[in-house]
Amino acid sequence: MPNTNISIDELKNLAKELRINTIETTFNATSGHIGGSLSVVEMLIALYFKYLNIDPTNPDKEDRDRLILSKGHAALSYVPCLAMRGYLDLEEVKSKFNKTNSKYGMHPDSKKIRGCDCSTGSLGHGLPIGAGMALGLKHKGLDSKVIVITGDGECQEGSNYEALMAANHYKLNNLIWIIDRNHFEIDGNTEEVMKLEPLDKKAEAFGFKVIKCKGNVMKDVDKALNEAWNYKEGPVCIISDTSKGAGAVGYQGTVLSHYVSLGDNPKDVEKMINYIKETDMDTIGG
Ligand SMILES: Cc1ncc(C[n+]2csc(CCOP(=O)(O)OP(=O)(O)O)c2C)c(N)n1
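Reading the values: rules and limits
- Residues numbered from 1 in each chain as written.
- Predicted model: local features only at pLDDT ≥ 70, side-chain atom pairs only at ≥ 80, totals over all residues.
- Heavy atoms only, no water.
- Phe/Tyr/Trp six-rings, centres within 6.5 Å; stacked < 30°, edge-to-face > 60°.
- Helix = DSSP H or I, 4+ residues; strand = E, 2+ residues; numbered from the N terminus.
- Buried < 20%, exposed > 50% of the residue type's maximum accessible area, 1.4 Å probe, protein only.
- Pairing = 2+ DSSP bridges.
- Axes fitted to C-alpha atoms, helices over the stretch in contact; angles between N-to-C directions.
- Contact = heavy atoms within 4.5 Å.

Under the definition given, this model contains 4 aromatic pairs. Centre to centre, the rings of tyrosine 48 and tyrosine 78 are 6.4 Å apart; their planes meet at 55 degrees, and the pair counts as tilted. Note that tyrosine 48 is positioned in helix H3 (residues 41–51) and tyrosine 78 in helix H4 (residues 75–84), a separation of 30 residues in sequence. On the accessibility criterion, tyrosine 48 (2% relative accessible area) is buried. Here tyrosine 161 and phenylalanine 206 contribute two aromatic rings whose centre-to-centre distance is 5.8 Å and whose plane-to-plane angle is 45 degrees, an arrangement assigned as tilted. On the criterion of sequence distance, the pair formed by tyrosine 161 in helix H7 (residues 159–169) and phenylalanine 206 in the loop between helix H9 (199–205) and strand E5 (209–214) is long-range, its members being 45 residues apart.

Here's what the structure looks like:
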């Protein structure tokens, strides 16, 4: 059951905090994938603070919901989000992320990170693993949901389409696939590199109920998740229209945000943090 005690404003404040934590973590790590980490912030916050049935004091509880960050390069916001939710020490995450011998590498390792349900980083694997998990949970008679977050560029990986077929075949109504539709992959706009549209019709053709939202507008994200949580007929796909690098002023909405070096740029960091503090993300277009 979602935590209905938390308001949209509280979620928006948590999203601001996570954006700032992500920028500071990148600065300490010297560089990283801030584009795809910042675009997915609202979705991570709404899931971890409102929707997921989880218990940070008991990360392995059997009937928990599972989240797979298939776009594992977004660990720069995912791992600080786990810390904010109580799984990890936030200061340790911020100072040790991607340092030699750290538990917190550039991509998340479920054997080392409390609360992480699946090691990811090699794109195209989260959805197949998630479909298998969702089927396994059903066989066990558990009511848990599996949430898989992929990038949009990641939708070009063929392995996803085998998982979509299986999700439809097994009527996996406990599987929610979220596409972080920030329009850019590593080397350009998705429609120029390898056309994805019409993504909604493709997901529908695979038997998914499609829900669209503005993924950096918390109220919209909340509405989409609420609808997905209550849908019982089959698997759901949320197409979350976002801005790549949302909050990283100077990079936001561009392919340049994909991987940014911030270590030598404390002034850029200060500018980004001030911008995040002052800006209502509801005004950022996807
Ligand atoms: C199998 C695989 N091939 C290539 C990469 C290198 N890579 C890391 S991020 C990325 C682009 C992903 O684009 P998208 O899914 O749109 O992610 P986002 O824009 O949200 O960062 C690529 C190609 C990888 N991690 N895994």
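The parallel open sheet is built from 5 strands, whose spatial order is E2-E3-E4-E6-E5. Where the open sheet ends on each side, the last strands, each with one partner, are strand E2 (66–69) and E5. Sheet twist, expressed as the average angle between the axes of neighbouring strands with direction ignored, equals 20 degrees. Its contacts with the sheet place helix H6 (residues 126–139) against E2, strand E3 (146–151) and strand E4 (175–181), and it is angled at close to 170 degrees to E3. In the packing of helix H10 (residues 218–230) onto the sheet, contacts are made with E3, E4, E5 and strand E6 (236–241), and the angle to E5 comes to roughly 165 degrees.

Mapped onto the elements of the fold, lysine 61 is located in the loop between H3 and E2. On the accessibility criterion, lysine 61 (19% relative accessible area) is buried. Ignoring any residue separated from it by four or fewer positions in sequence, one finds lysine 61 in contact with Asn53, Ile54, Asp55 and Arg66.

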